[in-house]
Amino acid sequence: MGSLIALLSGSPHALTTFLLAMAPISELRGAIPYAMTVGGMTWQQAYVIAVIGNFVPVIPILLLIGPLSRWLCRYPVFERFFNWLFARTRRKGRLIERFEALGVCLFVAVPLPMTGAWTGAAAAFVFGVRLRYSVPAIAAGILIAGAIVTLVVTGAIGFVGVHAPPAP
């Protein structure tokens, strides 16, 4: 995430926030804290920009992951990567396997590493969740995850030893 921020130094904070939210590692879990601390944005601005940025890659991922993986699997290095990715997704995706679209939503909503929109879209593909169900499920998960991250950054809820400031 640091290298992406360094690459974007000098860019408007809103653009950096948007691009951080689009990126597969940081997603909105990195974009919202950046926007509110470094970017000086209000929680509302940070939330809206990060949620929109996080959703932008979802539909292209859902539409392209199948054809792209089939095409790239002609090459051994990509075949190994996709085999690893899909096997890992199957192992980690018991929630999605059991609850399908609701599972996708809950998976994306948990603001932990490797549980965001990118992984949720890959999991929806692997488990065969139809596009018309996976898109709203991922969108709902992004909205929930954004709310949780925003509440943590503002101090409204404590997380990992961080506690809300005392009331005045």
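Parameters at a glance
- Starting from 1, residues in each chain are numbered consecutively following that chain's sequence as written.
- Reporting in this predicted model follows two pLDDT cut-offs: at least 70 for local features of residues, and 80 or more for side-chain atom pairs to be given and counted; totals over whole chains, interfaces and linings ignore these cut-offs and use all residues.
- Calculated side-chain values reflect all of the structure's heavy atoms, with hydrogen atoms and water omitted.
- Helix and strand assignments follow DSSP, with helices taken as H or I runs no shorter than four residues and strands as E runs no shorter than two, numbered in order from the N terminus.
- Relative accessible area decides the class of each residue, using a 1.4 Å probe on protein chains only: under 20% of the type maximum gives buried, over 50% gives exposed, and in between gives partly exposed.
- Contacts are assigned to residue pairs with any non-hydrogen atoms lying within 4.5 Å of each other.
- With residues, only the protein chains shown are counted as cover, and all accessible areas are computed by Shrake-Rupley using a 1.4 Å probe.
- What the arc covers is the set of directions going from the helix axis to the C-beta atoms.
- Nonpolar core, defined: a set of buried Ala, Val, Leu, Ile, Met, Phe, Trp, Tyr and Cys residues in which side-chain atoms within 4.5 Å join the residues together.
- An axis is simply a line fitted to the C-alpha atoms; with a helix, the fit covers only the stretch in contact. Between two such axes, the angle follows the N-to-C directions and lies from 0 to 180 degrees.
- For this classification, under 35 degrees means roughly parallel, over 145 means roughly antiparallel, 65 to 115 means roughly perpendicular, and everything else is oblique.
- Crossing handedness is read from the near helix: turned anticlockwise from the far helix by less than a right angle, it gives a left-handed crossing, and turned clockwise, a right-handed one.
- Stacked, edge-to-face and tilted are the three classes for Phe, Tyr and Trp ring pairs, Trp counted by its six-membered ring, which pair at centre distances within 6.5 Å; planes under 30 degrees apart are stacked, over 60 edge-to-face, the rest tilted.
- To estimate the expected span of a helix, count its residues, drop one, and scale the result by 1.5 Å.
- Like charges within 9 Å and nonpolar side chains (Val, Leu, Ile, Met, Phe, Trp, Tyr) within 5 Å are joined into patches, using only residues over 30% in relative accessible area that form no salt bridge.
- By definition, a salt bridge exists where a carboxyl oxygen of Asp or Glu is found within 4 Å of a side-chain nitrogen of Lys or Arg.

Undergrad: It is not clear to me how the overall build of the protein chain should be interpreted in this structure. Could you clarify?
TA: In terms of regular secondary structure, the protein chain is built from 10 helices and zero strands. Start at the N end of the protein chain and walk to the C end: the helices and strands fall as α-α-α-α-α-α-α-α-α-α. The buried share of the protein chain, taken over its 168 residues, is 40%. Long-range pairs, those at least 24 residues apart, make up 64% of the contacts in the protein chain with a sequence separation of at least 6. For the protein chain, the accessible surface area stands at approximately 9400 Å², while carbon and sulfur atoms represent 71% of it.

Undergrad: Can you help me understand helix α2 (residues 13-22) in this one?
TA: Because each turn of an α-helix spans 3.6 residues, side chains separated by three or four positions end up pointing in the same direction. Of all the positions in α2, only T16, T17, L20 and A21 are classed as buried. Within α2, the buried residues cover an arc of 130 degrees as seen down the axis, which keeps them to one side.

Undergrad: Got a minute to help me understand the nonpolar core in this structure?
TA: If you look at soluble globular proteins, the nonpolar side chains tend to sit buried side by side. One finds L28, I32, L62, V104, I138 and I142 to be the most contacted residues of the largest nonpolar core, which totals 32 residues. Among the secondary structure elements, those contributing two or more residues to this core are α2, α3 (27-37), α4 (43-55), α5 (58-72), α8 (101-109), α9 (117-126) and α10 (131-154). Excluding residues within four positions of it along the chain, L62 makes contact with A121, A124, L131, S134, V135 and I138. One finds I65, L72, F86 and V126 within the second-largest nonpolar core, a separate group that totals seven residues.

Undergrad: How should the environment of V108 be read in this particular structure?
TA: Looking at the secondary structure, you find V108 in helix α8. The class for V108 is buried, based on a relative accessible area of 1%. The spatial distance from the C-alpha of V108 to the C-alpha of G120 is 5.6 Å, given a sequence separation of 12 residues.

Undergrad: Looking at this structure, I do not really get the packing of α8 against α10. What am I missing?
TA: When two helices pack together, their arrangement is given by the angle between the helix axes and by the axis-to-axis distance. With their axes 7 Å apart at the nearest point, α8 and α10 run at an angle of 30 degrees to one another. Relative to α10, the element α8 is oriented roughly parallel. Relative to α10, α8 is oriented so that their crossing is right-handed. Mapping the contact onto sequence places A101, V104, C105, V108 and A109 in α8 and Y133, A137, I138, A140, G141, I142, I144, A145 and I148 in α10.

Undergrad: Teacher, can you tell me more about the packing of aromatic side chains here?
TA: How two aromatic rings sit relative to each other is given by the distance of their centres and the angle of their planes. For the structure on display, the rule yields five aromatic pairs. The interplanar angle of 75 degrees and the centroid separation of 6.2 Å between the aromatic rings of W71 and Y75 together place this pair among those described as edge-to-face. Classification of W71 by relative accessible area gives partly exposed; the value is 47%. Here F81 and F82 contribute two aromatic rings whose centre-to-centre distance is 5.1 Å and whose plane-to-plane angle is 70 degrees, an arrangement assigned as edge-to-face.

Undergrad: Quick question: what am I supposed to make of α4 here?
TA: For α4, spanning 13 residues, the distance from its first C-alpha to its last is 18 Å, which sits close to the expected 18 Å at 1.5 Å a residue. Taken together, the buried positions of α4 are A46, Y47, A50, V51, G53 and N54. Relative to the axis of α4, the buried residues are bounded by an arc of 165 degrees and lie together on one face. Residues of α4 that are buried make contact with α2, α3, α5, α9 and α10.

Undergrad: What am I meant to see in a nonpolar patch on the surface here?
TA: Together, I59, L63, L64, L68, W71, Y75, V77, F78 and L131 give the surface a local cluster of nonpolar side chains, amounting to about 830 Å² of exposed area. In terms of residue count, α5 provides more of the nonpolar patch than any other element does, five residues in total.

Any functional reading would require information that these geometric values do not contain.
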